[in-house]
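# An overview of the molecular structure
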Amino acid sequence: MGREAPDMRFSFSEEQEELRRVVRRFLEETSPIGETRRLMETVEGYEPAVWKQLSQELALPGVQIPEAYGGQGFGFVELGVVLEEMGRALYCGPYFASVVLAANAILNAGDEAQKQALLPGIASGETLAAFALAEPNGRWEADGVALEAHESGGAFTLHGEKSFVVDGCNADLLVVVARAPGSRGTDGLSFFSLRANANGVTRRPLAVIDPTRKLASIRFGGARAELLGVAGGAAPALAKTLDQAAAALASEMAGSAQRLLEMTVDYAKARVQFGRPIASFQAIKHKCADMLLALELARSSAYYAAEAAGEGDFDELAMAAPLAKAQGSDAFLAIAAEAIQIHGGLGFTWEQDVHLYFKRAKASEVFLGDPAFHRERLARVWGL
């Protein structure tokens, strides 16, 4: 409040539009909705051959990672384009966990040597990484961290449990937030990295409402870990990582909501009642118009957050990210609910594809914090 907003473009370059076309075409060929249904029933939840193709031919895991660390060196806007298309396709894969969460955590917290050691594998897609922050209390903030890091002779061991770790059972590398014993709040927080199969690490899959995004519980029973960055100084890097993740999730939700609207409009045009398509009924027109309005608001806030992240304006991102996450969560869930209603009796069957998007919407609503949490964050930033 009181500051002028930056000049946001809200339009894409020809190169960014070409990236969108390439990613959409790839996902339409490799990840149709039938494949999504197959993969969500598997333990892993993704197809390694498609991940390899996505990594080697399209180089998507490295899209936002700097060239110095083996990435493509593009920006956060390009990452948002990729995620919007993945949301549209309801892509099943470890992209969000490895590229959005873990890679950004390493970029924000690690020193130069650690970035050189850890990021090239993520950028190439050869290393699957996961970010472990939330615990059984379900809180996506510094105050929710109870897992402790004990130091002895310069070595660290982790003690405690993390939960809701996206693709935690698929990961090769874990990036973990822990605190010094006896510390509270943002004090004493540190980032750590360790191999997922290290001694003292126990992983188990969680039952989830959205089977297209696998979650895990991970227990650390004295597992040895390497400190990332400065001990006790992780709070700023954590805040930055979470804002970037919220902006990225907003783009993904916008893509899913766009596809839901398209599916619903197509159905309304094809479904005939009383001798005419239901799309001609005034009530259906109003519902679709409301869905479009919600989508445009969510998409605009997502683009605003992606631009702020891409410009490196993290003060602006601290406002844009919670706004985009809250707006996107509400819009996605509302659009999903209306889509089910417009599909009528067919929409209430689990076999209908709109239900897959509804489950993703419900899971995304609480992932990284629910709308109320983010509105409270926004109020604090504004000093309300």
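Look a little higher up for the structure.
Just so you know, these numbers come straight off a predicted model, no measurement behind them. (Residues numbered from 1 in each chain as written. Predicted model: local features only at pLDDT ≥ 70, side-chain atom pairs only at ≥ 80, totals over all residues. Heavy atoms only, no water.)

### Considerations on the pairing of strand E2 (residues 148-152)
Stated formally: Criterion used throughout: strands pair if DSSP finds at least two bridges between them. By the criteria applied, helices consist of DSSP H or I runs no shorter than four residues and strands consist of E runs no shorter than two, each listed in order from the N terminus.
The sheet contact formed by E2 and strand E3 (residues 155-166) spans five bridges and is antiparallel. Its bridge partner being in E3, His 150 is matched across the sheet by Thr 157. Following E2, the chain reverses through two residues before pairing antiparallel with E3; Gly 153 in that reversal takes a positive phi of roughly 65°.

### A look at the packing of helix H5 (residues 95-109) against helix H7 (residues 235-270)
Threshold: Here, axes are lines fitted to C-alpha atoms. For helices the fit covers the stretch in contact, and angles between N-to-C directions go from 0 to 180 degrees. Throughout, the term roughly parallel applies to angles under 35 degrees, roughly antiparallel to angles over 145, roughly perpendicular to angles from 65 to 115, and oblique to all others. If you view the pair so one helix is near and one far, a crossing is left-handed when the near helix is turned anticlockwise from the far one by less than a right angle, and right-handed when it is turned clockwise. Between two residues, a contact is recorded if the distance between any of their heavy atoms is within 4.5 Å. As a working rule, the residues Ala, Val, Leu, Ile, Met, Phe, Trp, Tyr, Cys and Pro are called nonpolar, Asp, Glu, Lys and Arg charged, and the rest polar, with Gly in that last group.
Contact pair H5 / H7: the axes reach a minimum separation of 9 Å and the direction vectors enclose 155°. If you check the angle between H5 and H7, you find them roughly antiparallel. In terms of crossing hand, the pair formed by H5 and H7 is right-handed. The segment H5 lies against H7, with Phe 96, Val 100, Leu 101, Asn 104, Ala 105, Asn 108 and Ala 109 engaging Ala 237, Lys 240, Thr 241, Gln 244, Ala 245, Ala 248, Leu 249 and Glu 252. Taken together, the residues of the contact of H5 with H7 sort by class into nine nonpolar, four polar and two charged.

### Things to note about empty space enclosed by the protein
Defined as follows: Definitions used for this entry: grid spacing 1 Å over protein atoms alone; cavity, a set of points where a 1.4 Å probe fits but cannot get out; pocket, an open set with protein on both sides within 12 Å along at least 5 of 7 lines; lining residue, one with an atom within 4 Å of a point. Grid points are joined across faces, edges and corners, and a volume is the space filled by probe spheres set on the points.
One pass over the full model with this rule turns up three cavities of 30 Å³ or more. The space that makes up the largest cavity amounts to roughly 140 Å³. For the lining of the largest cavity, the elements supplying multiple residues, two or more each, are helix H4 (76-89) and H5. Split by residue class, the lining of the largest cavity holds nine nonpolar, three polar and six charged.

### A short note on the pattern of salt bridges
Our working rule: Salt bridges are identified by distance alone: a Lys or Arg side-chain nitrogen within 4 Å of an Asp or Glu carboxyl oxygen.
Inspection of the entire model under this criterion finds 23 salt bridges. Each of Glu 17, Arg 20, Arg 24, Glu 84 and Glu 85 takes part in one network of salt bridges that share partners.

### Details of a nonpolar patch on the surface
For clarity, the threshold we go by: Excluding any residue in a salt bridge, patches collect residues exceeding 30% relative accessible area, merging like charges within 9 Å and nonpolar Val, Leu, Ile, Met, Phe, Trp and Tyr side chains within 5 Å. The Shrake-Rupley method, run with a 1.4 Å probe, gives the accessible areas here. Residue values count only the displayed protein chains as cover. Summary of the burial criterion: residues with accessible area below 20% of their type's maximum are buried, those above 50% are exposed, and those between are partly exposed, where the area comes from a 1.4 Å probe applied to protein chains only.
The grouping of Val 381, Trp 382 and Leu 384 at the surface amounts to a nonpolar patch, some 320 Å² of accessible area in total. Within the secondary structure, Trp 382 sits in the segment after helix H12 (371-381). Judged by its relative accessible area of 34%, Trp 382 falls in the partly exposed class.

### Some thoughts on the packing of aromatic side chains
Where we set the bar: Put simply, two rings from Phe, Tyr or Trp (the six-membered ring, in Trp's case) pair if the centres are within 6.5 Å, and we call them stacked under 30 degrees between planes, edge-to-face over 60, tilted for the rest. Distance and angle both matter: a charge sits over a ring if NZ of Lys or CZ of Arg is within 6 Å of the ring centre and within 35 degrees of the ring normal.
One pass over the structure, following the stated rule, counts six aromatic pairs. Measuring from centroid to centroid gives 6.4 Å for Trp 51 and Tyr 95, while their planes differ by 65°, and the two rings are edge-to-face. With Trp 51 in helix H3 (residues 48-56) and Tyr 95 in helix H5, the pair connects residues that are 44 residues apart, well separated along the chain. Take Trp 51 and Tyr 95: they sit in the same class, and that class is buried. Ring centres of Phe 156 and Phe 192 lie 5.2 Å apart, and the angle between their planes is 55°; on these two criteria the pair is classed as tilted. In this pair, Phe 156 sits in strand E3 while Phe 192 sits in strand E5 (residues 189-195), placing the two residues 36 residues apart along the sequence. Using a relative accessible area of 10% as the deciding quantity, one classes Phe 156 as buried. Of the residues examined, Phe 192 reaches a relative accessible area of 1% and is grouped as buried. Pairwise contacts between aromatic rings join Phe 96, Trp 140 and Phe 367 into one cluster. Positioned above the aromatic ring of Phe 12, the side-chain terminus of Arg 20 is 5.1 Å from the ring centre. The ring of Phe 96 is capped by Arg 213, whose NZ or CZ atom sits 5.1 Å from the centre of that ring.

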